[in-house]
Amino acid sequence: MKYRLMDLLACPICKKFPLKLIVFTEFSIKPSEKISRCELYCSFHDIDLTKTDRNPECVKCYGVEIKDALIICEECGRWYPVEEEIPRMLPDHLRNKNEDLEFLARWKNKTPEKILTEGKPFSLEKSM
Ligand SMILES: [Zn+2]
Ligand SMILES: [Zn+2]
């Protein structure tokens, strides 16, 4: 997925926008779409475009492919995995608990403590 997508993604549960993105792995690509600018929220530069006159350069928002990342909703405390470039923004009942916990365990060192212990709908045991 591209940073650009964060300009469009809202939490499927509580509809919060924008969401927080923590990138684990990424690589540069040649953008396939015409580069324009993020409209409401520029994730790469972390700028709320509705509250500023700044005009960020959004080349990276289209020219970087995010492979593994974590998307966090600071409103309802849910987190969503990005794996193999695909964000999995699923409602709780469609999520695979085992896969999700494996994901959290794999990226434990780069994941905020709050998500590890209190993240919804799944979190790692405090003893881990
Ligand atoms: Zn941007
Ligand atoms: Zn939410």
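Note that the structure is predicted; figures quoted are calculated from it, not measured.

Chemist: Before we move on, could you go through the overall build of the protein chain and cite the residues and values that matter?
Modeler: Regarding its fold elements, the protein chain presents three helices and six strands. In the protein chain, the order of α-helices and β-strands from amino to carboxyl end is β-β-β-α-β-β-β-α-α. By the compact-globule yardstick of 14 Å for 128 residues, the protein chain fits well, its C-alpha radius of gyration being 15 Å. Projected onto its principal axes, the C-alpha coordinates of the protein chain cover approximately 45 × 30 × 25 Å. Counting every position in the protein chain, which comprises 128 residues, the buried fraction comes to 24%. Residue pairs at least 24 apart in sequence account for 59% of intrachain contacts in the protein chain once pairs closer than 6 positions are excluded.

Chemist: Run through the pairing of strand β4 (residues 64-72), naming residues and quoting values.
Modeler: Pairing geometry for strand β1 (residues 20-28) and β4, over eight bridges, is antiparallel. From the neighbouring strand, Leu-21 faces β4, where its bridge partner is Ile-71. Note that β4 and strand β5 (residues 79-83) share four bridges and pair antiparallel. Along β5, the bridge assignment pairs Ile-72 with Trp-79. Adjacent in sequence and paired antiparallel, β4 and β5 are bridged by six residues, among which Gly-77 carries a positive phi angle near 80 degrees.

Chemist: Outline the sheet that holds β5, supporting the account with residue identities and numerical values.
Modeler: Taken in spatial order, the four strands of this open sheet run β1-β4-β5-β6, and their pairing is antiparallel. The sheet terminates laterally at β1 and β6 (86-87), the two strands that pair on one side only.

Chemist: How would you summarise the environment of Asp-46 if you had to cite specific residues and measurements?
Modeler: Mapped onto the fold, Asp-46 is located in the loop between β2 (41-42) and β3 (47-48). According to the C-beta neighbour criterion, Asp-46 is partly exposed, with 13 such atoms within 10 Å. Separated by 28 residues in the primary sequence, Asp-46 and Pro-18 place their C-alpha atoms 9.9 Å from one another.

Procedures and definitions
Residues numbered from 1 in each chain as written. Chains lettered and ligands numbered in written order. Predicted model: local features only at pLDDT ≥ 70, side-chain atom pairs only at ≥ 80, totals over all residues. Helix = DSSP H or I, 4+ residues; strand = E, 2+ residues; numbered from the N terminus. Rg over C-alpha atoms; globule rule 2.2 N^0.38 Å. Buried ≥ 20, exposed ≤ 12 C-beta atoms within 10 Å, placed from the backbone. Contact = placed C-beta atoms within 7 Å. Pairing = 2+ DSSP bridges.

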